[in-house]
Amino acid sequence: MPRPTRRHLTVATALVAATTAAVAVTTTAGAFDSEKQAKSAIKGGKAKNVILLIGDGMGDSEITLARDYTVGARGRLNMDRFPLTGAYTTYAVHADGTPDYVTDSAASGTGWATGTKTVNGRISKTPGTDKAVRTILELAQKNGYATGSVTTAEITDATPAVLASHVTDRSCQGPADMAKCPTDTLAAGGPGSIAEQSVNHKVDVLLGGGRQRFEQKVTDGRYKGLTVTQQAQQLGYQVVTDGAGLKSAKPGKPVLGLFAGGNVPTEWTGKAAAVGGTDPQRCVTSNPNRPATTPSLADSATRAIQLLEARQKARHAKRGFFLQIEGASIDKQDHAADPCGQIGETAAFDRAVKVARAYAAKHPDTLVVTTADHGHTSQIVPLEATPPGLSSTLVTDEGQQLKVNYSTNTPGRSQEHTGTEVRIAAQGPQAYRVLGVTDQTDLFTTLREALRLR
């Protein structure tokens, strides 16, 4: 893969000059010099570590909604403070390679994980021939990097799955879920379910929900009759189920954290949007269905970084790590037209962004990228609007009312993704590559070039 040329860097510098010329040195967000940060970020070089943060379904509307509610219209989130920001396109493809304008998380994740577009529902396989494509995590492992994946979804959900598995359909999460993946089963000589592949890949740190998938029994092969959790233990994994277990996990050994039977419960609750709207509401910043022992996404991110560093020290490795962190339930609460759940998960994701940026501040050879896999349904509309679908009125932390609308599907049905481009922002080596309008598959190239993976 070619290294950045003088022309690449010249173009990037010109883009920054153009985009920062109109940015005030002091902003209402808290006084930081955007132009200085942007110029200092224009560099190529090699990264020792990469932290990729994915806000699932976190389009510009979702970011704006969380910003307006939590820090105010003039405020700024941690994800707003990256020195370099661009946008990328998110479309999937049909089997013949023609565009499918609205992607799901499987096809979009495959895009950045492999550099290859695929059909909706497919995990790191080609669109037409259904062949496995090597992922950025697999390349990182091959080149001696420690690897990790942290999510608030099931570990076997689409976004984490694209890193360390290859299946025809995203539903094939555990050994008992293989109906749509007959050629991927162990009995057919395939690699097995997403859960089996994830631990067989020996990813150093796997944290999230999905215990129900790992409790399923393996049906064929070496581990037949064992649960996937037992398979993981035989492969050397420490299995932890809560924050205390995660904190006490021994450095230097792989860790499988299963913090919920399904998806990790959301942090916030509130009334879902309704036909005709809701009375003005404040979100409840707690959830009685979320055990107090559940680590936050920021806590999981912090511990994952510590464990990955320790893993490399134990190996006496000069290489660093690749870590993906997903805020999954921004998307899931958007589907449910639940603005409070959605905002709370965006805020939780933003705290994980803060963790990653704080680490990079002390380790400037770390590339940090934050983006989304696709846009989603929520829209901020005027208070006097009468949307035909679901809507809710919120009372923000500024004491103002805000109306959010969900109208990408009929009431009573799951709200839909949208085909819009989404934000991508970065800092560190090769960060300039996110500038302008790129495509999801270009992120694979950025990550690969930053770590010099061959």
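Predicted model only: the values in this text are computed from it and were never measured.

The rules we used
- Residues numbered from 1 in each chain as written.
- Predicted model: local features only at pLDDT ≥ 70, side-chain atom pairs only at ≥ 80, totals over all residues.
- Heavy atoms only, no water.
- Disulfide = S-S within 2.5 Å.
- Buried < 20%, exposed > 50% of the residue type's maximum accessible area, 1.4 Å probe, protein only.
- Helix = DSSP H or I, 4+ residues; strand = E, 2+ residues; numbered from the N terminus.
- Pairing = 2+ DSSP bridges.
- Axes fitted to C-alpha atoms, helices over the stretch in contact; angles between N-to-C directions.
- Contact = heavy atoms within 4.5 Å.
- Parallel < 35°, antiparallel > 145°, perpendicular 65-115°, else oblique.
- Left-handed = near helix turned anticlockwise from the far one by under 90°.
- Nonpolar A, V, L, I, M, F, W, Y, C, P; charged D, E, K, R; others polar.
- Polar contact = N/O pair within 3.5 Å; in protein donor to acceptor, adjacent residues only side chain to side chain.
- Salt bridge = Lys/Arg side-chain N within 4 Å of Asp/Glu carboxyl O.

## Structural notes on the state of the cysteines
Covalent bonding between the sulfur atoms of two cysteines defines a disulfide.
Working step 1: Under the counting rule described, the total for this entry stands at 2 disulfides.
Working step 2: Sulfur-sulfur distance for the disulfide between Cys172 and Cys181 comes to 2.0 Å. Note on the Cys172 and Cys181 pair: the S-S dihedral is about 95°, so by sign convention the disulfide is right-handed.
Working step 3: Looking at Cys172, the relative accessible area reads 0%, which means it is buried.
Working step 4: On the basis of relative accessibility, which here comes to 0%, the residue Cys181 falls in the buried class.

## Looking at the pairing of strand E1 (residues 49-55)
Working step 1: E1 sits mainly inside the fold: 7 of its 7 residues count as buried.
Working step 2: Side chains Asn49, Ile51, Leu53 and Gly55 project from E1 onto one buried face, and the interleaved Val50, Leu52 and Ile54 project onto a second face that is buried too.
Working step 3: Two strands pair when backbone bridges link them, and E1 and strand E11 (residues 366-372) are joined in this way by 7 bridges, in the parallel orientation. Directly across from Val50, in E11, lies its bridge partner Leu367.
Working step 4: Strand direction decides the pairing type here: E1 and strand E10 (residues 321-327), joined by 6 bridges, are parallel. Across the sheet, the residue bridging to Ile54 is Glu326, located in E10.

## Quick notes on the sheet that holds strand E7 (residues 238-240)
Working step 1: In space, the 10 strands of this open sheet follow the order E7-E8-E6-E5-E10-E1-E11-E15-E2-E16, with mixed pairing throughout. The two strands at the open ends of the sheet, each matched to only one other strand, are E7 and strand E16 (437-439). For this sheet, the mean inter-axis angle between neighbouring strands, taken without regard to orientation, is 20°.
Working step 2: Where strand E2 (residues 84-89) and strand E15 (residues 422-427) come together, 5 bridges link them in antiparallel fashion. In the sheet register, Tyr88 faces E15, and the bridge partner there is Val422.
Working step 3: Contacts from helix H14 (residues 440-451) reach E1, E2, E10, E11, E15 and E16 within the one sheet, and its direction differs from that of E11 by about 170°.

## Overview of the packing of helix H4 (residues 105-114) against H14
Working step 1: The contact between H4 and H14 brings their axes to 6 Å, and the two run at 30°. Viewed along their axes, H4 and H14 adopt a mutual orientation that is roughly parallel. Here the hand of the crossing between H4 and H14 comes out right-handed. Where H4 approaches H14, its residues Ser108, Gly111, Trp112, Ala113 and Thr114 are matched on the opposing element by Gln440, Thr441, Leu443 and Phe444.
Working step 2: A per-class count over the contact of H4 with H14 returns 4 nonpolar, 5 polar and no charged.

## Quick notes on the environment of Gly109
Working step 1: Within the secondary structure, Gly109 sits in helix H4.
Working step 2: With a relative accessible area of 0%, Gly109 lands in the buried category.
Working step 3: When the C-alpha positions of Gly109 and Gly375 are compared, they lie 13 Å apart, and in sequence the two are 266 residues distant.

## Topic: the pairing of E15
Working step 1: Across the 6 residues of E15, 6 count as buried, placing the element largely inside the fold.
Working step 2: Side chains Val422, Ile424 and Ala426 of E15 all project onto a buried face; the interleaved residues Arg423, Ala425 and Gln427 project onto the opposite face, where all are buried too.
Working step 3: In the sheet, E11 pairs with E15 via 4 bridges, with the strands oriented antiparallel. Bridged to Thr371 within E15 is Ile424.

## Let's talk about the sheet that holds strand E12 (residues 379-381)
Working step 1: Pairing in this open sheet of 4 strands is antiparallel, and the strands run E9-E13-E14-E12 from one edge to the other. The sheet is open, and its two borders are formed by strand E9 (274-275) and E12, each paired with just one other strand.

## Observations regarding H4
Working step 1: For H4, the buried fraction is high: 10 of the 10 residues fall into the buried class.
Working step 2: Listed in full, the buried residues belonging to H4 are Ser105, Ala106, Ala107, Ser108, Gly109, Thr110, Gly111, Trp112, Ala113 and Thr114.
Working step 3: Taking the backbone nitrogen of Ala106 as reference, a side-chain oxygen 3.3 Å away marks Asp104 as the first, capping residue of H4.
Working step 4: Two residues or fewer past H4, Gly115 is found with a positive phi of approximately 80°.

## Description of the pattern of salt bridges
Working step 1: All chains considered together, the criterion is met by 18 salt bridges.
Working step 2: Residues Arg170 and Asp104 are paired through a salt bridge, measuring 3.1 Å at the closest nitrogen-oxygen approach. Here Arg170 is found in the loop between helix H6 (158-164) and helix H7 (194-200), whereas its partner Asp104 is found in the loop between strand E4 (99-100) and H4, with 66 residues between them in sequence.
Working step 3: The class of Asp104 is buried, set by a relative accessible area of 12%.
Working step 4: Across the pair Glu215 and Arg211 runs a salt bridge, and its minimum N-O distance is 3.9 Å.
Working step 5: By relative accessible area, Arg211 is classed as partly exposed at 28%.
Working step 6: Residues participating in the shared-partner salt-bridge network are Asp104, Asp157, Arg170 and Lys332.

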